[in-house]
Amino acid sequence: MCGIIGHVGEGNAIDALLTGLENLEYRGYDSAGVAVQNGSGIEIRKRSGRLSELKTSLLGEQLEGEVGIGHTRWSTHGPPTDENAHPHTGATDDVAVVHNGIVENYAELRERLREHGHEFTSDTDTEVIPHLIGQYVAEGMATEAAFRRAVGELEGSYAVAAMVSDERAIYAARQGSPLVVGVEDEGVFLASDVPAFLEYTDTVAYLEDGDVAVIHPGGIELTDLAGRSVTRELRTVDWDPEQTAKGTYDHFMLKEIHEQPTALAQTVEGRVDRRSGAATLAEFEPGDFAGIDRVQLIACGTSYHAALYGSLLLNDAGVDSRALLANEYGDRSPPVDEGTLVIAVTQSGETADTLSALRRATAAGARTLTVTNVVGSTATRIADDRILIRAGPEIGVAATKTFSSQAVVLALLADRIARDRGDDSPLGPTLVSALKALPRQIERVLSSTDAGAIARRYHGSRSYFFIGRGLGYPVALEGALKFKEITYEHAEGFAAGELKHGPLALVTPETPVFAVFTGEEDARTLKSAEEAATRGAPIVALCPADHRATAVADAHLEIPDAPPETAGLLANVGLQLVSYHAADLLERPIDKPRNLAKSVTVE
Ligand code: F6R
């Protein structure tokens, strides 16, 4: 977890560092800090709490330096205190380091350094890094060699950036945590993710595991850990800086919910043959999936719910498929052979649980593919193949538009895999018309929804239940996850038919039940909703206007008429809005819910 930024260039780096940290705060917000190099040593300012605390502490101060590094933290070792905030220094203040990842052998390194007289002032694993660099410099090594040796001794994962007193350079390296370089006329950036510097430059190079970068005003030298030169392609990202700003919305989450029609149009663009109704997915050669016997989808959280959605569609298309939680994917996972395709669904492409499951699948001999939003992310490098969901940057910690785009890409993939295998029932024609209508139908949900009124009506309830069957089941799970994540209220999602097998005991007039109707055996979902209503629970039906559930329900969130393949996605947008308004009523920090971070890079 954590976000790191660095800048070397003309003029004061501090504004670029603070802007970068603001754009990286989605990666963690337990503390923030910066270090700048100003010709008379390194100056460090750091504070526990959100970046705003650091900014306030800098008011009225003329902190200056042309070279600087910064960090926003999601705690793994030690509580979120000023002492544990990055940047960390070594035995003297001559070396400053920011780090994202986990140094697994830090205790052992600490012990060794203590024998050389080093003392530590934080609980972090990171602090060993500046001490190691300082130790090797003190032993007479040049800075670059000392840096290289120090990172070479780290076990675990890291994206690390270091500065040394009176050198106009940043030394950086990555192993298992993301790091990207941004190049502009006046200087060079280094960051955990592109939005950190997007308003300065869109020319980027993604570093790979084992890369070491020395960044100075004249440019970048890239090598591997052994010092051999490496080249990483410079590319232009087509994200607009406007896309990463909130615009007129109060929260990124609301903005991203409203971006779904555009995001989905981008997701589908050029991927469907409008005449035949077939998913084309030009990333793959014709017949590429002909030898696939079964599919395993691995993912976490919201991406897991999209994976579940995808696995149901794959089964519909005749492909044997299962969605599995990435963090449970291990020795007891279903068998894998050369006919198995393992699909890692991950918005960030950096979720440690998913990456580790992906590595296990590769080791077991499966063919792998990742469905992700982030170009150049680690998942895209580990997997054999990749499909981008093209949803644009998602800043709100709660995933919204990326769930919809993931589900749609998986629907296309289900169709394409089935066709390549020669299965009888590809999803094609139904899917194509449903996908064509989806952006406009989402706009209708967004403009006509009663979500705000429903959130107010059930405000203060004891628990919130979400039920659905078939493709409505992953939506019920996702509805509950979103609700608990941003409101901090108790919420659970169930397969509708499961209510009577236990959860019904919890149902009272204080537990509203949101029932998702997708047109698949709705009579059975309605029966489950009625069983809850009989016990006094208020029912909120997500269904079209003329649906018979409206006669039973206490409240109705209208979704347009759509086939089951997309009805659930429309219902999900309604549920996203209910969660948003409920959290807003409770004055929760919607974009940055407590204890969570956007990208979970620890297992
Ligand atoms: C919930 C949420 C998380 C992520 C999960 C996986 O709103 O965002 O549950 O879905 O941490 O993240 P990715 O998709 O980046 O692998």
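Residues numbered from 1 in each chain as written. Predicted model: local features only at pLDDT ≥ 70, side-chain atom pairs only at ≥ 80, totals over all residues. Heavy atoms only, no water.

**Notes on the environment of G101**
Stage number 1. Mapped onto the elements, G101 comes out in strand β6 (residues 95–103).
Stage number 2. Along the chain, G101 and S177 lie 76 residues apart, while their C-alpha atoms are 6.1 Å from each other. (Helix = DSSP H or I, 4+ residues; strand = E, 2+ residues; numbered from the N terminus.)

**Observations regarding the packing of aromatic side chains**
Stage number 1. By the definition in use, this model includes eight aromatic pairs.
Stage number 2. With a centroid separation of 5.9 Å and an interplanar angle of 50°, the aromatic rings of F466 and F483 are classed as tilted. Taken together, the residues F466 in strand β20 (residues 464–468) and F483 in helix α14 (residues 472–487) connect sequence positions 17 residues apart. (Phe/Tyr/Trp six-rings, centres within 6.5 Å; stacked < 30°, edge-to-face > 60°.)

**Considerations on the environment of L254**
Stage number 1. Within the fold, L254 resides in helix α6 (residues 252–258).
Stage number 2. Taking the relative accessible area as the measure of exposure, L254 reaches 14% and is therefore buried.
Stage number 3. Separated by 142 residues in the primary sequence, L254 and G396 place their C-alpha atoms 8.6 Å from one another.
Stage number 4. Residue contacts for L254: discarding those within four places in its chain leaves Y249, L577 and Y580. (Buried < 20%, exposed > 50% of the residue type's maximum accessible area, 1.4 Å probe, protein only. Contact = heavy atoms within 4.5 Å.)

**Observations regarding the domain arrangement of the chain**
Stage number 1. Under the domain assignment, the chain is made up of domain 1 (3–244), domain 2 (246–446) and domain 3 (449–603).
Stage number 2. Residue-level contacts link 10 residues of domain 1 with 11 residues of domain 3.
Stage number 3. Here domain 1 meets domain 3 over a buried area of about 930 Å², counting both sides, of which 58% is carbon and sulfur.
Stage number 4. Three residues stand out in domain 1 for area buried against domain 3, namely Y26, Y29 and W74, and they jointly supply 54% of the buried area on that side. (Domains from an automatic or database assignment. Buried area = accessible area lost by both parts, 1.4 Å probe.)

**A look at the nonpolar core**
Stage number 1. Formed by 85 residues in total, the largest nonpolar core has its most connected members in V295, I343, L413, F466 and F514.
Stage number 2. Apart from residues lying up to four places away in sequence, L413 is in contact with L281, F289, I343, L369, V371 and I387.
Stage number 3. Judged by nonpolar contacts, the second largest core, of 29 residues, contains L24, V34, F189 and I395. (Core = buried A, V, L, I, M, F, W, Y, C linked by side-chain atoms within 4.5 Å.)

**A few points about a negative patch on the surface**
Stage number 1. A contiguous patch of negative charge on the surface is contributed by E104, E108, E155 and E603.
Stage number 2. For E108, the position within the fold is in helix α3 (residues 106–115).
Stage number 3. Residue class for E108 comes out exposed when judged on its relative accessible area of 53%. (Patch = residues over 30% accessible without salt bridge, like charges linked within 9 Å, V, L, I, M, F, W, Y side chains within 5 Å. Areas by Shrake-Rupley, 256 points an atom, 1.4 Å probe, with all protein chains shown as cover. Salt bridge = Lys/Arg side-chain N within 4 Å of Asp/Glu carboxyl O. Lys, Arg positive; Asp, Glu negative; His and termini not counted. Charge placed at Lys NZ, Arg CZ, Asp CG, Glu CD.)

**Details of the sheet that holds strand β23 (residues 539–543)**
Stage number 1. Ordered in space as β21-β20-β22-β23-β24, the five strands form an open sheet in which the pairing is parallel. In this open sheet, the two strands that pair with only one neighbour each are β21 (491–495) and β24 (555–558). The sheet shows a mean angle of 20° between the axes of neighbouring strands, direction not considered. (Pairing = 2+ DSSP bridges. Axes fitted to C-alpha atoms, helices over the stretch in contact; angles between N-to-C directions.)

**Examining the pairing of strand β7 (residues 156–164)**
Stage number 1. Within β7, eight of the nine residues are buried, leaving the element largely enclosed by the surrounding structure.
Stage number 2. With nine bridges joining them, β6 and β7 adopt antiparallel strand pairing. Within β7, the position partnered with V98 by the bridge is A161.
Stage number 3. Bridge count between β7 and strand β8 (residues 170–175): four bridges; the pairing is antiparallel. Among the inter-strand pairings, A159 is bridged to a residue of β8, identified as R174.
Stage number 4. Counted along the chain from β7 to the antiparallel partner β8, the turn is five residues long, and its residue D166 has a positive phi close to 65°.

**Overview of the sheet that holds strand β4 (residues 67–73)**
Stage number 1. Here eight strands make up an open sheet; going across it, the order is β3-β2-β4-β1-β10-β9-β11-β14 and the pairing antiparallel. One side of each edge strand has no neighbouring strand; the edge strands of this open sheet are β3 (42–48) and β14 (235–236).
Stage number 2. For strand β1 (residues 3–9) and strand β10 (residues 187–191), the ladder comprises five bridges, and the chain directions are antiparallel. Residue pairing in the sheet places G9 in a bridge with G187 of β10.
Stage number 3. Along the sheet face, helix α1 (residues 14–24) touches β1, β2 (31–37), β4 and β10 and points at about 155° away from the line of β1.

**What to know about unusual backbone geometry**
What is expected of a backbone is that most residues other than glycine have negative phi and most peptide bonds are trans.
Stage number 1. With an omega of 0°, the peptide bond running from H86 to P87 counts as cis.
Stage number 2. In this structure, P87 sits in the loop between β4 and β5 (88–89).
Stage number 3. Non-glycine residue Y488 carries a positive phi angle of around 65°.
Stage number 4. Position of Y488 relative to the elements: it lies in the loop between α14 and β21.
Stage number 5. For Y488, a relative accessible area of 22% corresponds to the partly exposed category.
Stage number 6. The phi dihedral of E587 falls on the positive side, at around 55°, and the residue is not glycine.
Stage number 7. Looking at the secondary structure, you find E587 in the segment after α17 (564–585).

**Points about α3**
What sets the pattern is the α-helix's 3.6 residues per turn: residues three or four places apart point alike.
Stage number 1. Within the span of α3, buried status applies to L109, R110 and L113. All buried residues of α3 fall inside an arc of 105° around its axis, so they share one side. Counted as exposed and oriented over 90 degrees from the buried face of α3: E108 and E115. (Arc of directions from axis to C-beta.)

**Some words on the site of the ligand**
Stage number 1. Near the ligand lie 13 residues; those nearest to it are S303, T346, Q347, S348 and T351.
Stage number 2. Within the side chain of S303, a nitrogen or oxygen atom sits 2.5 Å from an oxygen atom of the ligand.
Stage number 3. The contact in question runs from an oxygen atom of the ligand to an N or O atom on the backbone of A399, over 2.9 Å.
Stage number 4. Burial of the ligand by the protein amounts to 90% of the accessible area it has alone, namely 410 Å².
Stage number 5. Elements represented by at least two residues in the shell around the ligand include exactly α8 (301–316) and α14.
Stage number 6. At three residues, the largest contribution of residues to the shell around the ligand is made by α8.
Stage number 7. Broken down by class, the residue content of the shell around the ligand amounts to four nonpolar, seven polar and two charged. (Near = heavy atom within 4 Å. Polar contact = N/O pair within 3.5 Å; in protein donor to acceptor, adjacent residues only side chain to side chain. Nonpolar A, V, L, I, M, F, W, Y, C, P; charged D, E, K, R; others polar.)

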